[in-house]
Amino acid sequence: MNSVIVVGSFNVDHVWRCADLPAVGATIAGQYATGPGGKGFNQAVAAARAGARTAFVCALGDDAGGRLAREPAAADGIDLRAEASGQPTGTAGIYVDARGRNTIVIGAGANGTLGAAHVTAAPELLRGARVVLAQLESPPAAVEAALAAAREAGATAMLNPAPANAPTSAGLLRLADIVTPNETEFAALLSRHVGERVEPEAVAALDGASLHAACRKLLPHGTVVVTLGAVGAFVSHAEEDLRGDAQTYYRVAAESVSASDTTGAGDAFNGALAAALARAPEQPFATHVRYANRFAALSTERPGAAPAMPRHDEVMARFG
Ligand code: ATP
């Protein structure tokens, strides 16, 4: 039985590291690398390495990209539930400059064919599941089905509302028990669903009471976790969703590490939070957020996204 089910995207990442991002019409040199990626896949790897028995529901093409998903998933013990799609496997073209800034082009391909039926096709999948985690690189119908199925199975429905420009409806948010935006996604959701404007760069500096009030408008019934990069995370619970914590809102500070590549830090945080919650749902939520901060911090010390995910033993050895 799997305790964490991740529903989401798999992409073949094509990464070019260049001195500068290419300008319009320019041809430039860069160092190339390729490997498995996509928010869904990265978060599934994080959950599995954080110790959860993890299933990953996705759609893959019948091509080299699809085959690229299978070996690393098996290596991490992930129960891969891949629907065969007539479309090519999803791809991402990623340009990273010397300052770590990036420009990304996504070809959704097979990811765009993931539907509600893929999530509900295997009813035994959700038996025993504690957390179902979805992101927004998949069609809204698949994400909705994942969150609704979680609720029906008595599992926690967790939504990482990334990327920021993906459409979200109020109905979709209402299906989630926990929503985990980063600062950019939080600002986008506030503007779209609450009609409040805040600059992403200003989010971390907002006082707790203001952040909590904004979170409550966004998700009146559930828990919002805003990830704040090197600052850590802000947590806001509804009174009826305290999850073992005494306070309705609080910050959990990030760990101090030598971060060299924060790509996929959000995915590390989400997968680890889901795994921690599945492992010990009775423990205070703040404990799980501290674990997710630690797991994500370690991931920033290594290059890449999925390959950079640490293992539970490493997190315990480093932070106790
Ligand atoms: P990305 O898009 O790079 O995957 P994100 O913007 O979705 O990341 P962030 O809020 O930047 O997510 O980071 C997620 C978590 O990773 C943070 O809450 C924190 O726990 C950890 N983290 C990120 N950057 C650092 C850092 N420099 N030092 C320590 N921890 C970090």
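To keep things clear, this report deals only with the structure shown in the data block. (Residues numbered from 1 in each chain as written. Predicted model: local features only at pLDDT ≥ 70, side-chain atom pairs only at ≥ 80, totals over all residues. Heavy atoms only, no water.)

1. As for the pattern of salt bridges
Pairs can form between side chains of opposite charge whenever their charged atoms are close. Per the counting criterion, the structure on display carries 12 salt bridges. For the salt bridge of arginine 81 with aspartate 79, the shortest nitrogen-to-oxygen distance reads 3.0 Å. A salt bridge links aspartate 97 to arginine 101; the nearest nitrogen and oxygen atoms lie 2.8 Å apart. According to the relative accessible area criterion, arginine 101 is partly exposed, its value standing at 42%. Sharing partners across several salt bridges, the network here consists of Arg49, Asp76 and Arg311. (Salt bridge = Lys/Arg side-chain N within 4 Å of Asp/Glu carboxyl O. Buried < 20%, exposed > 50% of the residue type's maximum accessible area, 1.4 Å probe, protein only.)

2. A word on helix 7 (residues 208-218)
All of the buried residues along helix 7 are Gly208, Leu211, His212, Ala214, Cys215, Arg216 and Leu218. Buried residues along helix 7 sit in contact with helix 5 (170-174), helix 6 (183-194), strand 11 (223-227), strand 12 (232-237) and strand 13 (249-253). A side-chain oxygen of the first residue of helix 7 lies 3.2 Å from the backbone nitrogen of alanine 209; this N-cap is aspartate 207. (Helix = DSSP H or I, 4+ residues; strand = E, 2+ residues; numbered from the N terminus. Contact = heavy atoms within 4.5 Å. Polar contact = N/O pair within 3.5 Å; in protein donor to acceptor, adjacent residues only side chain to side chain.)

3. Quick look at the packing of helix 1 (residues 39-49) against helix 8 (residues 265-279)
Between helix 1 and helix 8, the shortest axis-to-axis distance is 7 Å and the interhelical angle comes to 45 degrees. If you check the angle between helix 1 and helix 8, you find them oblique. Remark: the crossing between helix 1 and helix 8 carries right-handed chirality. Contact with helix 1, carried on its side by Lys39, Asn42, Gln43, Ala46 and Ala47, involves Asp267, Ala268, Asn270, Gly271, Ala272 and Ala275 of helix 8 and no other residues of that element. (Axes fitted to C-alpha atoms, helices over the stretch in contact; angles between N-to-C directions. Parallel < 35°, antiparallel > 145°, perpendicular 65-115°, else oblique. Left-handed = near helix turned anticlockwise from the far one by under 90°.)

4. Re the site of the ligand
Around the ligand lies a shell of 18 residues, among which Thr227, Gly229, Gly232, Thr262 and Asn293 are the nearest. Between threonine 227 and the ligand, the recorded distance is 2.8 Å, taken from a side-chain N or O atom to an oxygen atom. With respect to the ligand, the backbone of alanine 265 contributes an N or O atom lying 3.1 Å from an oxygen atom. Taken by itself the ligand offers 620 Å² of open surface, and the protein chains cover 80% of this. Looking at the shell around the ligand, the elements that each hand over two or more residues are helix 8 and helix 9 (285-299). When grouped by side-chain class, the residues that make up the shell around the ligand number 9 nonpolar, 8 polar and 1 charged. (Near = heavy atom within 4 Å. Areas by Shrake-Rupley, 256 points an atom, 1.4 Å probe, with all protein chains shown as cover. Nonpolar A, V, L, I, M, F, W, Y, C, P; charged D, E, K, R; others polar.)

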